[in-house]
Every structure is written in structure tokens, then in C-alpha cells.
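Residue-level structural notes
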Amino acid sequence: MKDLKLRLDVNNMMSDFIGEKGFTETELNSASEKAKEAFNYVKENRGLGMMGWTELPYNQDGIVEDILKTAKEIQEKFDYFVVLGIGGSALGPIAIQQALNHMHYNDLPKEKRNGCPKLYVEDNIDPERMASLFDVIDLEKTCINVISKSGSTSETMSQYLILWDALTKAFGDKAKDHVIATTDAEKGNLIKLAQKEGFKKYVIPDGVGGRFSEMCPVGLLAAAVCGIDIKAMLEGAAYMDKLADSDDIYKNAPLMAATMQYLAINKGYNISVMMPYADSLKFMADWYCQLWGESLGKKHDLNGNVVNVGQTPVKALGVTDQHSQVQLYTEGPFDKVITLLGVDNYRCEVKIPDGCEDIPAVNFLCGHTMNELITAERNATEYALLKSGHLNHTIMLPEVNAFTIGELMYFYELETAYCGAMLGINTFDQPGVEEGKNATYALLGRPGYEEKKKELESRPEKSTKYII
């Protein structure tokens with residue numbers, strides 16, 4: 001397992017390396033007591049309340065076997081698998097698919113996809129997007145997975161209504177064979193629909209919020225349908241959980257990362273940039289943005305005090321964004337922590353052939369590999385940030401596979417839980433999201449939201465002076 005252990009390097013967060021903007025060892029050690037309290041809080045609350053996600057690597061053997069059986073049936077019967085979800089119900093499946101399958105998976109012929117269906121994750125309600133979906137799928141060969149714990153998520157349920165209408169018009173009573181519902185075991189609208197229509201069902205476990213749900217049926221079904229080794233993902237998560245079984249920040253990488261971010265937040269570093277140097281990890285940054293932003297961006301602490309705490313997560317991609325964002329990161333304000341994600345061994349090697357012999361500024365590349373080039377660029381960015389004194393740290397994956405991706409995602413889930421505990425906030429609610437949802441319901445006339453509609457209608461009328 002040591003060969004698959006990810007590595008956290010926080011040297012470039014320390015003043016010994018980057019100068020006055022870095023943390024001293026005294027500061028770090030002073031924060032270690034708060035880190036121990038956070039570790040103990042997370043450990044004592046494992047599996048309780050909204051921390052059901054902590055047990056997902058261990059308590060799903062029967063569910064995984066059922067998912068694998070269902071995935072095989074889907075592969076044999078369907079050519080298209082469409083996920084209807086938003087937030088964690090979509091970002092996790094997208095990140096896993098990008099990380100672990102071919103970069104142009106949907107463009108491959110079915111035999112090169114090992115007989116697996118094409119995957120479409122519909123995570124927005126742009127009408128043009130929905131119309132476009134119907135242009136690329138054949139309903140007869142399409143299975144949809146509608147994911148909503150409450151069954152009242154407007155975005156997801158509007159998509160469901162559109163596709164269910166099309167399926168029932170095309171196939172009548174057999175339309176139910178094209179639908180799988182992933183929802184709460186007992187409560188909400190979607191479980192009622194699933195029971196009424198006879199859909200195949202998967203349960204979102206209690207205590208598992210959307211942004212922590214990739215390691216349950218929410219994310220595992222789509223991954224299995226597309227041929228990804230979901231058992232290895234869970235094994236990787238369990239491995240990280242065991243690695244993090246210490247209250248010593250020097251022995252627990254997620255706890256060290258959380259402590260560093262806690263110190264940074266308290267010094268006004270209110271932006272967290274994730275910059276993977278691998279296209280396979282590109283959408284891990286999108287998944288991270290929800291996890292970090294929705295979990296830590298809170299108005300109140302646990303005592304009801306107004307704190308307005310949190311870091312704004314920003315996604316970048318190395319080396320693409322060296323040409324669009326790194327100028328800001330190396331010479332701009334000292335308000336960011338940059339996380340570089342690197343890979344030791346890419347899954348293929350591409351050599352740069354000989355050529356341009358009369359152009360030394362190009363010919364020097366010949367004989368090297370793209371692997372060497374992207375690694376050099378990551379090291380160069382790290383050096384530029386070091387030289388300019390901007391906080392940065394690096395996480396290295398030995399390679400990108402199902403095990404290390406499970407490891408990485410559980411790393412970030414633990415880091416988020418630890419950091420939230422250190423900040424003294426509720427890491428697992430999202431009241432700011434609920435306000436927008438309630439306003440949407442009111443604007444579209446959902447029963448029970450009449451008072452909210454009156455509140456919206458009482459807003460000051462906009463001045464034409466400020467509409468140009």
C-alpha cells in the first residue's frame with residue numbers, strides 16, 4: 001500500500017522557506033492543540049448526525065454487490081446512462097469519470113468502452129442543454145438515474161419530468177425499466193414516485209450530504225456502469241482513513257492540511273486555489289470547490305455568533321492556467337493558498353520527436369517526454385510561488401487510479417471536517433443555499449411559499465438609472 005500513498009508537502013507554507021508570509025514553527029505548534037480538539041471531535045462523532053459519510057468505506061458490502069449486478073444489467077441493455085442531479089450528485093460522478101476513464105470516453109466506439117454505455121451528467125437546467133441531450137441519445141437505449149434525497153430539488157425534478165414524459169410517451173408501462181431512483185429510504189417525493197412507478201431504488205444513507213456522497217450509491221452506480229472499480233475506490237478511502245488515525249499533525253496529513261488552512265484563514269488568506277497538473281484531475285477541482293465552499297462558508301459559528309468565515313475556492317488547471325492565472329498568484333495580493341496536485345507516474349508516456357533542428361528554442365524539447373515537460377512546469381510554478389513568497393503546498397499522487405482517487409477524496413473530506421471543527425462552525429449544513437431554493441419555489445408558485453413570495457414582491461423597485 002505504501003506505493004499508493006499520496007504525499008502532502010507543506011514546506012512552502014513555512015516561513016523558513018517562503019519568508020515573512022509563511023508560518024513559524026511556533027505558530028504551527030500553537031495551533032496543534034486546536035487541531036487535536038478537531039481530530040477528537042470528528043472521531044467522537046463518526047457515523048453520527050451528518051457524519052455518516054465517515055463509515056461509507058466500511059458498511060456497504062451488500063450495496064456494492066447489488067450495484068455491480070445492476071451495472072452489468074445496464075451495460076447489457078443500454079447504450080446511454082444519464083445522471084440527473086446537481087451539486088454533489090453531479091460533481092462527484094463527473095470528477096470520477098474524468099479521472100478514471102478515457103479522456104474522450106463518450107467519443108469511443110462501444111467496444112473500446114468495454115461495452116459500457118456513454119455517460120451524460122445533466123447538472124444544469126439551461127433549456128438548450130436539455131434539448132441538446134435528446135439529439136445525442138436514443139431513448140430506447142437510455143437508462144436515467146435521478147438523484148435527489150428530498151425529491152423536491154427543482155433542477156433535478158424538472159429534468160426528471162421532461163425525461164419521464166418522453167419515456168412514458170415512447171414506452172408506456174415499460175418506461176419504468178429505464179429509470180433508477182437514488183433517494184432517501186423513507187422520506188420525500190422521489191421515494192414515493194419510485195414506489196408508485198416501480199423504479200429500481202438506491203438509498204442515500206442517513207448522515208450523508210450531497211457533497212460527501214460520492215462513496216455511496218450517488219456516485220458508485222455511475223462509476224460502476226462505466227466500468228470503474230468501485231471496490232478499489234472504497235479501499236483507497238479506507239486506507240486514507242487509517243493513515244489519518246492520529247491527533248498528531250505530523251502524522252495525519254488531512255489534519256496538517258486543515259491546520260495550515262485554519263492558520264491561513266485567520267491571517268486573511270481567504271482564497272483557496274486548487275491547481276491539478278493532470279487533465280484527469282481537472283474536475284476534482286470542481287468537486288473540491290463545492291466541498292470546501294459550501295462546508296466552510298458560514299455566517300454563524302456554533303454559538304450563534306456572526307463570523308462570516310470561509311475561503312473562496314478557485315479552480316485552475318496546470319499548465320493551462322499558468323498562462324491565465326499564475327501571473328496573479330505570483331505577483332498579486334497575499335490572500336491565497338495555492339494547492340498544486342501532481343502525479344508521479346502518468347498512465348502513458350508520450351515522447352517529443354526530433355524536429356526544428358534550426359530553432360534551438362524549440363529543438364531543446366526533442367528527446368524529452370510530455371511527462372517530463374508537465375512535471376517541470378509544475379516544479380517551475382512551485383518555484384515561482386516560493387520565490388514570490390506566496391503560500392502554496394503540494395499533494396502528490398503516485399498515479400491516478402481508483403484506489404488513489406478514493407484516497408484523495410477521503411483526504412479532502414477529512415480535511416474539510418477538521419477545518420470546520422477548528423473554525424467552530426457547522427460544517428455540514430448550507431443555510432445560504434436554502435434561501436435561494438426557497439426564493440425559487442416562491443417565484444414559481446410552489447404551495448406553502450406564499451409568504452416568501454410576498455417578501456420577494458416587497459423588494460424596492462429597481463431604478464432605471466442603474467440599468468444602462
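In what follows, the accompanying structure is described.

**Some remarks on the pairing of strand β3 (residues 118-122)**
Of all five residues that make up β3, four are buried, and the element is covered over most of its length. Crossover strand β2 (residues 80-84) to β3 through helix α4 (residues 88-100) is right-handed.

**Things to note about the packing of α4 against helix α15 (residues 402-423)**
Each pair of packed helices can be summarised by the angle the axes make with each other and by the distance between the axes. Running from amino to carboxyl end, α4 crosses α15 at an angle of 145°, the nearest separation of the two axes being 10 Å. α15 is crossed by α4, and the crossing has right-handed handedness. Within the contact between the two elements, α4 uses Ile96, Ala99 and Leu100 and α15 uses Ala402, Ile405 and Met409. Looking at side-chain class alone, the contact of α4 with α15 contains six nonpolar, no polar and no charged residues.

**Focus on unusual backbone geometry**
Omega for the bond connecting Gly318 with Val319 falls within 30 degrees of zero, at 10°, which places this linkage in the cis form. In this fold, Val319 is placed in the loop between β10 (312-315) and α12 (326-331). Residue Asn114 is not a glycine yet carries a positive backbone phi of 55°. The residue Asn114 is located in the loop between α4 and β3 in this model.

**Some details on the pairing of strand β4 (residues 142-147)**
Most of β4 sits out of view: six of its six residues are buried. Pairing of β2 with β4 involves five bridges; the strand directions are parallel. Bridging across to β4, Val83 finds its partner in Asn145. By the bridge criterion, four bridges tie β4 to strand β5 (residues 179-183) in an arrangement that is parallel. Following the sheet pairing, Val146 is matched in β5 by Ala181.

Criteria and thresholds
Residues numbered from 1 in each chain as written. Predicted model: local features only at pLDDT ≥ 70, side-chain atom pairs only at ≥ 80, totals over all residues. Heavy atoms only, no water. Buried < 20%, exposed > 50% of the residue type's maximum accessible area, 1.4 Å probe, protein only. Helix = DSSP H or I, 4+ residues; strand = E, 2+ residues; numbered from the N terminus. Right-handed = clockwise from strand over helix to strand, strands pointing away. Axes fitted to C-alpha atoms, helices over the stretch in contact; angles between N-to-C directions. Left-handed = near helix turned anticlockwise from the far one by under 90°. Contact = heavy atoms within 4.5 Å. Nonpolar A, V, L, I, M, F, W, Y, C, P; charged D, E, K, R; others polar. Pairing = 2+ DSSP bridges.

Everything listed is a geometric property; what it means functionally is a separate question.
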